[in-house]
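Below are the chains, spelled out letter by letter.
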Amino acid sequence: MADVLQSFVQSSLSKGMPQAELEQTLIKAGWPKDIVLKYLHKGTEPITPSKNAQIRAQGVSKSFDGKRVLDNVNLEIVQGEIFGIIGQSGSGKTTLLQIIAGLTQPEQGDVVVFLPSGPQSVRQSPEAMRSFIGYAAQQPSLYPDLTVEENLSHFGQVFGLSERAAKQKAASLLKLVGLADSKAVRAGNLSGGMQKRLDIACALVHDPKLLLMDEPVADLDVVLRTHLWDVLRSINKQGTTIVIASHFLADLESFCDRIGIMRNGRVAETGTPDELRVIYSRNQEVRVELGSHAYDELLASLKRQNIDVAKTIKETGAIKIQTSQPTSVVESIVQFSKQRKDALLHLEVGRPSVRELFEELFT
Amino acid sequence: MNPVLLLAKNHVRTLVRSRATVLTVLAVPLILLLIAGFVFDTNSLNRVRVGVWSSSASELSESIISTIQQESVTVHQYDTQEECVDAVKQGDQQACLAFVGTFARGASNTLNLYIDPSRTTLMYPLLQSLESALAIRSDELGKDLATSVVTALQAIRETVELRKGSIVTLTTSINGAGHSIGQLATSITPANVSLNASLASEVVAAGASHTQQVDQFLNATAALAEDLADQLEAVDFALNASTLSNTSKQSLRSQVANASAFVDDLVDEANVTTADLAVVNLTGTLEGIAAKLAATKAQIDAVAAVQGSLAANLHAVKSKLDASLLTVAELQKGFNDITAALEGVTVTDPDAIAAPVKTVILPVTSETNYRTYAFPFLMVIVLLFSGLLVPPLLMLAEQSSPAALRVSLLPIKPIVKLQAFFLASLAILGAQSVLMLIVAGLFLQVFVGLLPALLVLLVISAVMTLIGMLVGLLVSRELLAVLTSILIGVVLLVLSDFIIPLDTLPRWFSALAQLNPAVIGGEAIRSSLLFGDWGSLLSVGALIIVAGVLAVVLLVVGHALPRKQVR
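Here we summarise the structure given alongside this text. (Residues numbered from 1 in each chain as written. Chains lettered and ligands numbered in written order. Predicted model: local features only at pLDDT ≥ 70, side-chain atom pairs only at ≥ 80, totals over all residues. Heavy atoms only, no water.)

**Side note on the overall build of chain B**
Assigned secondary structure in chain B consists of 15 helices and five strands. Across the 567 residues of chain B, 39% fall into the buried class. Pairs at least 24 apart in sequence give 81% of the contacts found in chain B among residues at least 6 apart. Carbon and sulfur atoms make up 66% of the accessible area of chain B, which totals about 29,800 Å². (Helix = DSSP H or I, 4+ residues; strand = E, 2+ residues; numbered from the N terminus. Buried < 20%, exposed > 50% of the residue type's maximum accessible area, 1.4 Å probe, protein only. Contact = heavy atoms within 4.5 Å. Areas by Shrake-Rupley, 256 points an atom, 1.4 Å probe, with all protein chains shown as cover.)

**Quick word on the pairing of strand 1 (residues 48-54) of chain B**
Residues and elements named next belong to chain B. The buried count for strand 1 comes to six of seven residues, which makes it a mostly enclosed element. Across five bridges, strand 1 lies against strand 2 (residues 73-77) in parallel orientation. Each residue of the ladder has a partner; that of glycine 51, found in strand 2, is histidine 76. Where strand 1 and strand 3 (residues 95-99) come together, five bridges link them in parallel fashion. From the neighbouring strand, valine 50 faces strand 3, where its bridge partner is alanine 95. (Pairing = 2+ DSSP bridges.)

**Section: the interface of chain A and chain B**
Counting residues at the interface gives 25 residues for chain A and 17 residues for chain B. Joining chain A to chain B, the criterion identifies one salt bridge. Aspartate 199 of chain A is the partner of arginine 406 of chain B in a salt bridge, and the nearest nitrogen-oxygen pair spans 2.8 Å. A total of three residues in the side of chain A that touches chain B trace back to one element, the largest contributor, which is helix 7 (residues 192-204) of chain A. Here the side of chain A that touches chain B is built from residues that sort into 15 nonpolar, five polar and five charged. (Salt bridge = Lys/Arg side-chain N within 4 Å of Asp/Glu carboxyl O. Nonpolar A, V, L, I, M, F, W, Y, C, P; charged D, E, K, R; others polar.)

**What about the packing of helix 5 (residues 148-158) of chain A against helix 7 of chain A?**
A pair of packed helices is captured by two measures, namely the crossing angle of their axes and the spacing between those axes. All names here are of chain A. Axis separation between helix 5 and helix 7 bottoms out at 9 Å; the angle between their running directions is 20°. Considered as vectors, helix 5 and helix 7 are oriented roughly parallel to each other. Note that helix 5 runs across helix 7; the crossing there is right-handed. Residue-level contacts link Val148, Asn151, Leu152 and Phe155 of helix 5 to Leu198, Ala201 and Cys202 of helix 7. A breakdown of the residues in the contact of helix 5 with helix 7 according to their chemical character gives six nonpolar, one polar and no charged. (Axes fitted to C-alpha atoms, helices over the stretch in contact; angles between N-to-C directions. Parallel < 35°, antiparallel > 145°, perpendicular 65-115°, else oblique. Left-handed = near helix turned anticlockwise from the far one by under 90°.)

**Remarks on a nonpolar patch on the surface**
Residue and element names in this part refer to chain B. Judged by side-chain polarity, Val434, Leu435, Ile438, Val439, Leu442 and Phe443 come together as a nonpolar surface patch covering roughly 570 Å² of accessible area. Summarising the element assignment, leucine 435 is placed in helix 10 (residues 414-444). Looking at leucine 435, the relative accessible area reads 54%, which means it is exposed. (Patch = residues over 30% accessible without salt bridge, like charges linked within 9 Å, V, L, I, M, F, W, Y side chains within 5 Å.)

Right, dumping it as structure tokens:
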């Protein structure tokens, strides 16, 4: 029942129905008010402060040109974790990161960043926390006319490093992001992926305690992406809290300690990838690989048996079947294989990935 | 739609999306027209400040000073010509009038007008105004001098008019005397000539005739007597030689002697007869002469009669000549009056009437190249627009730079960023200043105050940079910033001495324009660069105060403005 209500609420909100109208509609339909409010305000309820919070956003709202981008966001990110933020385009991920970084002031609410010197409000003293925050935006933010090394050295010195220390730091970071051979190249002449890496290096030049990254691996190939995640892990191990907004959900799923799902300007849910899969997925996913690849016949067989098949995802040589009746599906697959004397090469039952969950949530 | 129209439409749409840009685009021409219309609604200097130095005060120089003072010219006297010229250099005075020499009335005087050609726009209205004032006075002087000449001529004319009757009278008298003399000549000349000519010729002719006759007679008688004597001598010889008796001989000799005596008598007789004949003839001649003398006497009597009338005529002539003498005396008096009137005209030099005061315009420096004079102002114009454009473009370039986000994440206070923009802009403008001074020093080679000029230029740069930064702080788009800076630049330019002299503006407006950094800077750079005046640095003090005020405003605005937020 709750899943039905949740689906309806999500669908209605995604279609742009005002929250007040939706609330009245549901109450008139006979839903208990407390349950309606619980689902409607999920993600906006006050959070319970934890002792080791690194960032705490409370009631943060922000609009641009009359359009509410963030709507009463409450979120807490603890020290030392890697926190991923996912959401559709325009869901407010970047705005939330910018507010945390102090680049944008919230209209309502506040974000408190807990620093070694004490908690700092981004509304009251955004400059105070900048020495502790590194930020890599979607678009690289560099001086295109300066060389790679000059960019790093300049920002390092602005953060208080001596010229020598800044150069040493630049050299180590360039090695870290794989740009050591390009230190004399002007930033504007770098490829998109190289600029992105340089931008990340710039975000790390002052050893920030909190690293905010918006789509950090968007322009990187698989090798570099893997390399970057390794780098970030090593940085995280040194105590740096990392917050990442990314569309690479599979990477986030495997990389992040926790993930926050943003929808319609709110953080709809936070949790570990496993927690999210449990919370959001009514179905389990059965992945099967038959020697005959006769998946259409398999699906027809399941349909004839009235077994629930919520979604199918065809892969090369295999198929994923999301169902609320995984046991029945597994039994039918085994039966189908035996009857057709087809080789059952692979059979796996599990939760859908966060990406699939994401797609399910927003489609 | 045509791609050109499509693109143009999109450009316009993009432009008008910013209300501030639209407002500026529309406001720029209106404001410029308004200011220009207001500023150019004048055709003369409201007030002219002129320093005056006179080597020796004269009535003429004082009167000229008095005249130009009545022409909205403020006059300040200086003790030396150098002080007067320096005052122009320093801008205290707009021109210096130097009265050289005695500056006496009626002489051709030279008035040196020292001006500063580096005040390019002020120079011509100033000259126009001063020349107008001086021309008035010069005209008055010329008029005075010409009046004295005309008065003298008038007196001469009146004298001549007055004596014209005397001349007519004199002419009439002379004519009358002439006529009388003519008549006299007519009556005298024929009688005298005819009398003398006929009488003399007749007497001479008659005398000659008679003398000839007598001579012929005497000659014939002498020849006869000589023949007779020869005959008698021959007879005597023949008698002596003859054989006749002595008595006979004696008797014959006695007869021959008688014959000789006879011959002698004959000769004598012949002589007497001839003389008598000549006397008779001469008597006849004399009688004829007597007759003619009688006729001549008659004529002389007639002449005597004429002489009587001649005497009467001569008396008449004498009386007329006496009358003429009186007239001549009157004319003499008239000439004396004319001489006296001409002596009253003291002007002897025609130039003194045509240009009683000759104004010589002299520059306060020895330079004659107009470009040299204009160079300080050109430098200020360069710094004016550089200062207005460079800082906002730097600031907006930083904002629109790909690095803008990262810069905004830097732990730097806004004031530090402002200081950095100021320093960078000042460095650029400073480099421009040095470059311009190098050009000035190398190519124009006339400047004596490069170092104070550099300091002045840096102060000007600082002020302009601060204004430009204010634009960059208040404006968020490059186009809008450029338009705004140009608008401010043009307004500052118009309200400076570069285009129109401030002294032509209304007094309150002129006073307001004195706060224009371009005006203060222009004055200072002119003084320092052209005249090597370190004192110009003191005048820059006002500019520094303006800079200070601007800096405070900049900080207040920078603090008051909402922080630009990243979208």
